[in-house]
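Listed below are the residues making up each chain.
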Amino acid sequence: NNAALGEQWDFANTSDIRDNDFAKKVIDCNVIGTINLTEQLLPYLADDGKIVIVSSDLGKLSYQGQRIQRALSKECSRQDIIDLVEDYLSSCQQKDLNGWSIQSYHASKALINAYVRHVLSKLVKETQQAIAVHPGWCKSDMGGSNAPKSAEDGANAILYLSLIHI
């Protein structure tokens, strides 16, 4: 499952608090869309199936402030993740990030990583797997031409992880 929306300026931005409309689009695609699609497909997953969510190392907790690191590190439910989504969007609207990364993409991937770790891992059967994977920085419309890996390299990494038992 790969949902990603981001802009080059979003990754480079270090001084402006996110535009609320852009932040909502990123969150709707990267978090809400990923959660909804995954949960709709879950009943059809083979008994030994694996869900591979494409994430990013930009979703590392270290990119978030301490308040958000604590919130995403502790055990949380689907509703907790949704509440944190609302917290992020409210923070953007109020122009006070309150511990969130300034980049919407970073925040969205931190949220989806927490979802996989705390929620999805409990929704799959004992014989199934759910993982979040960082395929690397790849050349693409979003990754840009300076990325060190080709899109094929990224796809191969995802394919490899989807085929092995972890």
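Colleague: Before we move on, can you summarise the overall build of the chain with the specific residues and values?
Modeller: When helices and strands are tallied, the chain shows 6 helices and 2 strands. Secondary structure of the chain in N-to-C order comes out as α-α-β-α-α-α-β-α. Every one of the 166 residues in the chain was classed for burial, and the buried ones make up 43%. The long-range fraction of contacts in the chain, counting pairs at least 24 apart against all pairs at least 6 apart in sequence, stands at 75%.

Colleague: Report on the pattern of salt bridges, specifying residues and quantitative values.
Modeller: Under the counting rule described, the total for this entry stands at 5 salt bridges. Across the pair R67 and D87 runs a salt bridge whose closest N-O atoms are separated by 2.7 Å. With R67 in helix α3 (residues 66–73) and D87 in helix α4 (residues 78–93), this residue pair connects regions lying 20 residues apart in the sequence.

Colleague: Lay out the pairing of strand β2 (residues 129–133) in plain terms, naming residues and giving numbers.
Modeller: Among the 5 residues that make up β2, 4 are buried, leaving the element largely enclosed by the rest of the structure. Here strand β1 (residues 50–54) pairs with β2 via 5 bridges, running parallel. Each residue of the ladder has a partner; that of K50, found in β2, is Q129.

Colleague: Residue-level account of the side chain of Q128, with values.
Modeller: By secondary structure assignment, the location of Q128 is in the loop between α5 (104–123) and β2. Among the residues examined, Q128 registers a relative accessible area of 7% and is labelled buried. At 3.3 Å, the side chain of Q128 forms a polar contact with the backbone oxygen of L45. For Q128, the side chain forms a polar contact with the main-chain nitrogen of K125, separated by 2.8 Å. In contact with Q128, other than residues within four places in its own chain, are L45, A46, D47 and G49.

Colleague: Describe the packing of helix α2 (residues 20–41) against α5, and please don't skip the residues or the numbers.
Modeller: Put simply, α2 and α5 touch, their axes get as near as 9 Å, and they point 15 degrees apart. With respect to α5, the axis of α2 lies roughly parallel. Between α2 and α5 the crossing geometry is right-handed. Of α5, the residues touching α2 (which contributes F22, A23, V26, I27, N30, V31, T34, I35, T38 and E39) are S104, Y105, S108, K109, L111, I112, Y115, L120 and L123. Class assignment of the residues belonging to the contact of α2 with α5 gives a composition of 12 nonpolar, 5 polar and 2 charged.

Colleague: If you had to explain the packing of α4 against α5 to someone new, which residues and values would you point to?
Modeller: Running from N to C, α4 and α5 cross one another at 170 degrees; their axes reach a closest spacing of 10 Å. Taken together, the axes of α4 and α5 are roughly antiparallel relative to one another. Counted together, R78, I81, L84, V85 and Y88 of α4 and S104, A107, L111, A114, Y115 and V119 of α5 form the full contact between these two elements. Taken together, the residues of the contact of α4 with α5 sort by class into 9 nonpolar, 1 polar and 1 charged.

Colleague: How would you sum up the environment of L97? Please name residues and give values.
Modeller: Its location among the elements puts L97 in the loop between α4 and α5. Put simply, L97 and G65 are 32 residues apart on the chain and 9.2 Å apart in space, counted from C-alpha to C-alpha.

The rules behind the values
Chains are numbered independently. Their residues run from 1 in the order of the written sequence. Local features in a predicted model are, by the rule used here, given only for residues with pLDDT of at least 70; side-chain atom pairs are given and counted only at 80 or more, and totals for whole chains, interfaces and linings are based on all residues. The basis for the side-chain values is all heavy atoms of the structure; hydrogens and waters are excluded. Helix numbers and strand numbers start at the N terminus; a helix is a DSSP run of H or I with at least 4 residues, a strand a run of E with at least 2. Here the term buried applies to any residue with accessible area under 20% of the maximum for its type, exposed to any over 50%, and partly exposed to those in between, with areas from a 1.4 Å probe on protein chains only. When checking whether two residues touch, look at their non-hydrogen atoms; a contact exists if any pair is within 4.5 Å. Any Lys or Arg side-chain nitrogen found within 4 Å of a carboxyl oxygen on Asp or Glu counts as a salt bridge. For two strands to pair, DSSP has to find at least two bridges joining them. Contacts described as polar in this section are N or O atom pairs within 3.5 Å, which, within protein, must combine one atom able to donate a hydrogen with one able to accept it, while residues neighboring in sequence count only if both atoms come from side chains. Angles run from 0 to 180 degrees between N-to-C directions of axes, and those axes are lines fitted to C-alpha atoms, restricted for helices to the stretch in contact. An angle counts as roughly parallel when it lies under 35 degrees, as roughly antiparallel when it exceeds 145, as roughly perpendicular when it falls between 65 and 115, and as oblique in every other case. The hand of a helix crossing depends on one turn: near helix anticlockwise from the far one by less than a right angle means left-handed, and clockwise means right-handed. Each residue gets one label: Ala, Val, Leu, Ile, Met, Phe, Trp, Tyr, Cys and Pro are nonpolar, Asp, Glu, Lys and Arg are charged, and the others, such as Gly, are polar.

Remember that the coordinates give geometry; whether it matters functionally is a separate question.
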